Amino acid sequence: MTMKNYKLLAEKVIEKSLSKGADFSDVVVLGNISKNIGCRLGKVEEIEQSETQILGLRTFIGKKNAITSTNNFTESSIDSSIERVIEMTKLTPDDPLPGLASKTSEKIPELDLYDRTNLSAEELKNLAPVSYTHLRAHETLRYLVFRLLREKKKGGGGGGGGG
């Protein structure tokens, strides 16, 4: 999934949570691809790759808030996560300091968190068997994070597009 797709997904989740009764919501979407190669006595012992994705949603209703997360990005799973966090939010006790930050940075600095390097298994294999008795080479290919915060529009009408 690309950063653009994460942003669209986050916007959709925020809009659904607001339409289900949240006053404020924020969402975090994360994706990661990781490759590992293990060597023993100069020979490759194992090669593995893992891919993960996580969506975290926090909702606020009045002075109450709750958080949920899922790694299942199907529409039905995300919809049930939204329903669940709204119900959880309604059941939690009041928080004396609820809400999202009242002011955020106007310009988000580039943190260089996205690594476009894509070493093949063969390239990792060639890096690993150095003179160590045991070595584990590791590469994190992608670490995409997208966070979106939104509050219900105040005043007339309520429908409105994003902003």
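Here goes a summary of the coordinates provided. Everything quoted here is computed from the prediction, not taken from an experiment. (Residues numbered from 1 in each chain as written. Predicted model: local features only at pLDDT ≥ 70, side-chain atom pairs only at ≥ 80, totals over all residues. Heavy atoms only, no water.)

With that out of the way, let us pick up the side chain of Ser77. Position of Ser77 relative to the elements: it lies in helix α2 (residues 75-91). Apart from residues no more than four positions distant in its own chain, Ser77 is found in contact with Thr70 and Asn72. (Helix = DSSP H or I, 4+ residues; strand = E, 2+ residues; numbered from the N terminus. Contact = heavy atoms within 4.5 Å.)

With 7 bridges connecting them, strand β2 (residues 43-61) and strand β3 (residues 64-70) associate as antiparallel partners. Bridge pairing in β3 links Ile61 to Lys64. Hairpin connection, β2 to β3: the antiparallel pair is bridged by 2 residues, and Gly62 has positive phi, about 60°. (Pairing = 2+ DSSP bridges.)

According to the stated counting rule, one finds 1 aromatic pair in the structure shown. Judged by centre distance (6.2 Å) and plane angle (90°), the rings of Phe24 and Phe60 are edge-to-face. You can see Phe24 sitting in strand β1 (residues 24-40) and its partner Phe60 sitting in strand β2, a full 36 residues away along the chain. Accessibility expressed as a relative area gives 2% for Phe60, which makes it buried. (Phe/Tyr/Trp six-rings, centres within 6.5 Å; stacked < 30°, edge-to-face > 60°. Buried < 20%, exposed > 50% of the residue type's maximum accessible area, 1.4 Å probe, protein only.)

Turning our eyes to something else, we now look at α2. If you check α2, its first and last C-alpha atoms are 25 Å apart, about what 17 residues at 1.5 Å a residue would give, namely 24 Å. Every buried residue of α2 is listed here: Ser77, Ile78, Ser81, Ile82, Val85, Ile86 and Thr89. (Expected span 1.5 Å × (residues − 1).)

Turning our eyes to something else, we now look at the environment of Glu15. Of note, Glu15 is situated in helix α1 (residues 3-19). For Glu15, a relative accessible area of 33% gives the class partly exposed.

Structurally, the position occupied by Lys16 is in helix α1. Taking the relative accessible area as the measure of exposure, Lys16 reaches 22% and is therefore partly exposed. Distance in space between the C-alpha atoms of Lys16 and Ile78 is 9.9 Å, their sequence separation being 62 residues. Residues contacting Lys16, with those up to four places away along its chain left out, are Glu75, Asp79 and Ile82.

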